[in-house]
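Structural overview
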Amino acid sequence: MRTIKMRFVVGLLDEMEESVRRFNVVMGIDETDMENRECMNHLLHDSVGARNYNSDARLHKVETGSTVWNAFARRNELDIKLYLFIVDVFGQQKEIIDSYENPIH
């Protein structure tokens, strides 16, 4: 897991706008450029993927602790550990990535 922490910029679907902002900062993409802003707006708000992501129709909520949840958790234990690790790394990376955006002169 150290490799993920040291060599990857991670993003979360639940934090899509912030994730894409971070990717742009690291890749040096100017979000103030009108063409880039239009592209971002399309990606996050106007595309079929964005409409599907923002639609509640695709969600089937499973309650934590339910029989279904527990069966899923048993079968996907390592995936859950990886996801929780990524959530933690996502939080840790904010300050680092923000420092790329606001370099000290």
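Residues numbered from 1 in each chain as written. Predicted model: local features only at pLDDT ≥ 70, side-chain atom pairs only at ≥ 80, totals over all residues. Heavy atoms only, no water.

Some details on a nonpolar patch on the surface
A contiguous nonpolar surface patch, about 540 Å² in accessible area, is contributed by V9, V26, M27, I29, I96 and Y100. Mapped onto the nonpolar patch, the elements with two or more residues apiece are helix 2 (16-27) and helix 6 (77-101). By secondary structure assignment, the location of M27 is in helix 2. (Patch = residues over 30% accessible without salt bridge, like charges linked within 9 Å, V, L, I, M, F, W, Y side chains within 5 Å. Areas by Shrake-Rupley, 256 points an atom, 1.4 Å probe, with all protein chains shown as cover. Salt bridge = Lys/Arg side-chain N within 4 Å of Asp/Glu carboxyl O. Helix = DSSP H or I, 4+ residues; strand = E, 2+ residues; numbered from the N terminus.)

Observations concerning the nonpolar core
The biggest cluster of nonpolar side chains holds 7 residues, and these are I4, V10, L12, F85, I86, V89 and F90. In terms of residues, this core owes the most to one element, helix 6, which gives 4 residues. In contact with I86, not counting residues within four places along its chain, are I4, V10, G11 and L12. (Core = buried A, V, L, I, M, F, W, Y, C linked by side-chain atoms within 4.5 Å. Buried < 20%, exposed > 50% of the residue type's maximum accessible area, 1.4 Å probe, protein only. Contact = heavy atoms within 4.5 Å.)

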